[in-house]
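# Per-entry structural report
Residue-level listing of the chains:
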Amino acid sequence: MSEQPLPREIRCVLVPAGDLRLLLPNATVAEVITQPTPEPVEGAPDWLLGRIAWRGWRVPLVSFTRLAGAGEGDPDLAVRVAVLKALGGNPELPFIAVLTQGFPRLTTLNSELIIPTHDGTALPPGVRAHVLVRDDMAVIPDLEMIERELSGLLAVEA
């Protein structure tokens, strides 16, 4: 069996989340919706805002800015929710929702257009890397870590 070559370019989205921009593969974003009222999760940390109803699922809603300790951004901007496809294969957690301000912006990237900017200090929770994408500072979220945390928190709730 031959291995498929890696793509030269990948379609990504920059998702505005407070003072941050999250860099994600385009295929990860299932939908961007208006912010519904979340159902609280008892005993949850402040970054887990609750669960929202979306297409028959109860999807955990995460404030990435609170998780990573970043600024909340411009309060006058419309807040939306980006529903992301979970990567961990947990059938109980197929989606995660993240607060966003504005709409994700599509971009096509290759390895020359993503420049790591990490200075060696400890990364905030939920952040896998800091990068420069063209002229935008962005973070690559650690979705696997967020999913593990959510699985633990939501298993206690069930």
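## Notes on the environment of Asn90
- Assignment of secondary structure puts Asn90 in the loop between strand E6 (79-85) and strand E7 (95-101).
- A residue is classified by how much of its surface remains accessible, and Asn90, at 27% relative accessible area, is partly exposed.
- With 62 residues separating them along the chain, Asn90 and Thr28 place their C-alpha atoms 15 Å apart.
- At a separation of 3.2 Å, a polar atom in the side chain of Asn90 contacts the side chain of Ser151.

## A short note on the environment of Trp57
- On the secondary structure map, Trp57 appears in strand E5 (residues 57-62).
- You can call Trp57 partly exposed: its relative accessible area is 37%.
- A C-alpha to C-alpha distance of 13 Å links Trp57 and Leu84, two positions 27 residues apart in sequence.
- Sequence-distant contacts of Trp57, that is, excluding residues within four places in its chain, are made with Ile52, Pro91, Pro94 and Phe95.

How each quantity is defined
Position numbers for residues count from 1 along each chain, tracking the sequence in the order it is written. Reporting in this predicted model follows two pLDDT cut-offs: at least 70 for local features of residues, and 80 or more for side-chain atom pairs to be given and counted; totals over whole chains, interfaces and linings ignore these cut-offs and use all residues. The side-chain values count all of the structure's non-hydrogen atoms but skip hydrogen atoms and water molecules. Strands are runs of DSSP state E lasting at least two residues, helices are runs of H or I lasting at least four, and both sets are numbered from the N terminus onward. Between buried and exposed lies partly exposed: a residue is buried under 20% and exposed over 50% of the maximum accessible area for its type, with that area taken using a 1.4 Å probe on protein chains only. In the analysis that follows, any N or O atom pair within 3.5 Å is treated as a polar contact, provided that within protein one partner can donate a hydrogen and the other can accept it, and provided that, for residues neighboring in sequence, both atoms belong to side chains. Note on contacts: a residue pair is in contact if any heavy atoms of the two residues lie within 4.5 Å.

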